[in-house]
Amino acid sequence: MKTKTEKNRVRKPQEPSAAERPAEGAVSRTLFIQATQALDAVLAFDYPADAVLSRHFRDNRELGHRDRGFIAEAVYGVLRRLRWLRRIAGAEATPRMLLLAWFARGEGWPMRNFEGLASATERDWITSIKAAETGEPSLAERADLPDWLAERLLAQMSEDELIALAHGLNRPAPLDLRANLIKTDRDALLERLQADGVRAEPGRLSPQAIRLAGKPALQKHPLFLDGSFEVQDEGSQLLGLLVQPRRGELVVDFCAGAGGKTLQLGAMMRSTGRLYAFDVSEKRLAKLKPRMARAGLSNVHPVLIAHEADAKVKRLAGKADRVLVDAPCTGLGTLRRNPDLKWRQSPAAVEEMVAKQGAILAAAARVVRPGGRLVYATCSLLAEENDGIVDAFLAAHPEFRALSAQEVLAAQGVALETGERLRLLPHVHDTDGFFAAVMERAKGA
């Protein structure tokens, strides 16, 4: 088992709220040059966009909060609509041309905003693309997806569904919090946040979730510092509910990453029993330790493993009451947060992930005790990484049977029509895209 995908890293900088954006017409030539440089680096697609932006901001510390917000929003805007922008501006458009096209067509800037920012020749070009007809775009162009990805998704849904999904993926993600059940409950946390002037409301799906209006900076808020909440997408929180850990159990988070779901599981266990957090990255596990302390958890045991067949894994064979496999994946369900992934992934990457996912799930299954529960999950949209993996596993492991995700959630007060397997989509559920299957090992196996 190798490293997890970018989905589990802390993503900075977050996209700015509307209140953080500079007023139209307030963009200086220098700031536009900074945005062009940042976009140029991101479009090399050598590293995740958030990491590239963070590096750019570290190298340019003179940039203020609003300037960083402008650059981040411009870069993410271009990444979301890159296919459409290249159709408008030309396949060989430079980063500067793409930015100009984005502000002209995507943001709808009037021509006066480009005065002092663009040359006379550029302003003539902007005028022309403002009036340009895009003709008859292909389905992939309409969806702002690479051809290969549009084709695979179209095999799973209709054209109308694909376009609706694409529009959902092109909207910025909201900011969700998870109440730490060790220290508070959702209602009490919500009341305290609102008393502090934070605009928030209960989540629609998870009983532990709070959704914020905008993206306020809460890293220094007393309730964050005392561990009362963690930032976690509401859809992600449902994965913990599918595991449904109980006090005193032995639970394994097989691909823990930085530990967002580990912390949720530990809190649901009320810091009792033993919760093993396996991962192949020492750096990610190191980030988990201060989060455990802040959350008030003493039952979490981070364990560095070399791969899924590590001897540390084998020592737990047949002992775990519950095992979560939040498998490394292409992360295509997180495009609202990471729009660069659709341009950085490839069919070859999917094939590599599928082989890795099958091996990880098979190894994790050996840890489950008879009568125990196994949950396989991804934040991918592709059937190869989801149903394909689970179907192959169940065919090869008759000692496991499928449970209904809908029934597991309903037993915890979550009324969500999912069918046997959980499928969350941004345009339907307003969460990241998630898949999960719940399985149980036969008691005599």
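Reading the values: the criteria
Residues numbered from 1 in each chain as written. Predicted model: local features only at pLDDT ≥ 70, side-chain atom pairs only at ≥ 80, totals over all residues. Heavy atoms only, no water. Helix = DSSP H or I, 4+ residues; strand = E, 2+ residues; numbered from the N terminus. Buried < 20%, exposed > 50% of the residue type's maximum accessible area, 1.4 Å probe, protein only. Lys, Arg positive; Asp, Glu negative; His and termini not counted. Salt bridge = Lys/Arg side-chain N within 4 Å of Asp/Glu carboxyl O. Contact = heavy atoms within 4.5 Å. Phe/Tyr/Trp six-rings, centres within 6.5 Å; stacked < 30°, edge-to-face > 60°. Lys NZ or Arg CZ within 6 Å of the ring centre and 35° of its normal. Core = buried A, V, L, I, M, F, W, Y, C linked by side-chain atoms within 4.5 Å. pLDDT = per-residue confidence, 0-100. Polar contact = N/O pair within 3.5 Å; in protein donor to acceptor, adjacent residues only side chain to side chain.

What follows deals with the side chain of Glu385. When you line up the elements, Glu385 lands in the loop between strand E9 (368-378) and helix H18 (387-396). Buried charge Glu385 goes without a salt bridge, the closest partner of opposite sign being Arg152 at 7.6 Å. When near neighbours in sequence (up to four residues on either side) are disregarded, Glu385 contacts Cys329, Thr330, Met353, Val354, Gln357, Tyr376, Thr378 and Ser380.

Per the counting criterion, the structure on display carries eight aromatic pairs. A ring pair is formed by Trp109 and Phe114, whose centres lie 5.4 Å apart and whose planes are at 55°; its orientation type is tilted. Neither residue differs from the other here; Trp109 and Phe114 are each classed as buried. Three or more aromatic residues joined by ring pairs make a cluster, and in this case those are Phe32, Phe70, Phe103, Trp109 and Phe114. Arg81 extends its terminal NZ or CZ atom over the ring of Trp84, reaching a point 4.3 Å from the ring centre. Across the ring face of Phe224, the terminal group of Arg294 is positioned such that the distance to the ring centre comes to 4.2 Å.

The next point concerns the pattern of salt bridges. Between side chains of opposite charge, pairing is possible as soon as their charged atoms come close. The tally for this structure, following the rule as stated, stands at 27 salt bridges. A salt bridge links Arg291 to Glu230, with the nearest nitrogen and oxygen atoms 3.0 Å apart. With Arg291 in helix H14 (residues 282-295) and Glu230 in strand E4 (residues 229-231), this pair connects stretches of sequence that are 61 residues apart. There is no split in this pair, since Arg291 and Glu230 are both buried.

Once that is clear, we can look at the nonpolar core. Membership of the largest hydrophobic core comes to 41 residues, with the highest contact counts inside it found for Leu53, Ile71 and Phe103. Elements represented by at least two residues in this core include exactly helix H1 (29-42), helix H2 (49-59), helix H3 (65-80), helix H4 (82-89), helix H5 (95-106) and helix H6 (120-131). Core analysis: the next-biggest nonpolar cluster, separate from the first, contains 36 residues, Leu265, Leu285, Cys329 and Leu409 among them.

What follows concerns the confidence of the model for the protein. In this model, the protein carries a mean pLDDT of 92, and residues with pLDDT of at least 70 account for 94%. The model gives residues 1-25 a pLDDT under 50, and that stretch makes 76 contacts with residues more than four places away or in other chains.

This paragraph deals with the environment of Lys342. Structurally, the position occupied by Lys342 is in helix H16 (residues 341-344). Residue classification places Lys342 among the buried residues on the basis of a relative accessible area of 3%. The sequence separation of Lys342 and Thr330 amounts to 12 residues, and the corresponding C-alpha distance is 8.9 Å. Setting aside its immediate chain neighbours within four residues, Lys342 contacts Leu79, Arg80, Asp144, Leu145, Pro146, Leu149, Asn170, Leu332 and Leu335. At a separation of 2.9 Å, a polar atom in the side chain of Lys342 contacts the main-chain carbonyl oxygen of Asp144.

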